[in-house]
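Spelled out from the first residue to the last, the chains are:
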Amino acid sequence: METIGAVRAILAVGPERWRTLTGAVDREVLERVPAPGEWSAVNVLQHLIDVEPVFAERAGAIMAGQPFPAFDQDRGAELGKPVDDISALIDRWAALRARSLEVLAGVGPDDLGRTGVHAELGEVTLANLLCEWGGHDLMHMVQAEQAIMQPFIAGVGPWRGYFTAHDAEIRR
């Protein structure tokens, strides 16, 4: 895998994937928490807004060979706030993502071995961070899709057994 190009491509399509997904279902489904302690699709999007600048800051720290702090995903400024307009929320995230892609435009293959020190994980390379960034984006898209999937799973009747990997009732 060509890391830089693959991560840029995944990050570039994220906002449009969210626009498509959120346009396909009712707001009630997007705000539905699948199980206690889990996030709704809207909560996932709020988390993405909170964490987007963190990735760019970490990339900058690694490029400079500097240490950087850990991030507490449950203490973000956006997570859990009431949302008036989901489309506007996606627009905010898309603007942050565009700035992140500008940061990544300055990264080349020779930079992948650069290192920084994460406060909890220790030494990490820029390649590690980029893979985590792309994986994080995909993981949270899956998480949002699983949250949205729950009312459909509840209505599948005898097919429910085919959804065990995604069924919040089984995960409890």
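Look up: the structure comes first, before these words.
This is a predicted model, so every value here is computed, not measured.

### Let's talk about the overall build of the protein
- Tallying secondary structure elements over the protein gives 6 helices and 3 strands in all.
- Scanning the protein from its N terminus toward the C terminus, one meets helices and strands in the order α-α-α-β-α-β-β-α-α.
- For the protein, the spread of C-alpha atoms along the principal axes amounts to about 55 × 35 × 30 Å.
- When the 172 residues of the protein are sorted by exposure, 43% land in the buried category.
- If you take every contact in the protein between residues at least 6 apart in sequence, the share linking residues at least 24 apart comes to 74%.
- Total accessible area computed for the protein in this model is approximately 9,100 Å², and 55% of it derives from carbon and sulfur atoms.

### Focus on helix 1 (residues 3-24)
- Counted at 1.5 Å a residue, the expected span for helix 1 with its 22 residues is 32 Å, and the 31 Å between its end C-alpha atoms agrees.
- Taken residue by residue, helix 1 has Thr3, Ile4, Val7, Leu11, Gly14, Pro15, Trp18, Leu21 and Thr22 as its buried positions.
- Taken together, the buried residues of helix 1 touch helix 2 (27-31), helix 3 (41-63), helix 4 (86-105) and helix 5 (126-154).
- Two or three places before Ile4, at the opening of helix 1, Glu2 has a side-chain oxygen 3.3 Å from that residue's backbone nitrogen.

### Considering the environment of Arg19
- Mapped onto the elements, Arg19 comes out in helix 1.
- C-alpha of Arg19 to C-alpha of Pro109: the two residues are 90 residues apart in sequence and 31 Å apart in space.
- Those residues in contact with Arg19 that sit more than four places away from it in its chain are Ile90, Asp91 and Ala94.

Conventions we followed
Residues numbered from 1 in each chain as written. Predicted model: local features only at pLDDT ≥ 70, side-chain atom pairs only at ≥ 80, totals over all residues. Heavy atoms only, no water. Helix = DSSP H or I, 4+ residues; strand = E, 2+ residues; numbered from the N terminus. Buried < 20%, exposed > 50% of the residue type's maximum accessible area, 1.4 Å probe, protein only. Contact = heavy atoms within 4.5 Å. Areas by Shrake-Rupley, 256 points an atom, 1.4 Å probe, with all protein chains shown as cover. Expected span 1.5 Å × (residues − 1). Polar contact = N/O pair within 3.5 Å; in protein donor to acceptor, adjacent residues only side chain to side chain.

Honestly, it's all geometry; don't read function into it.
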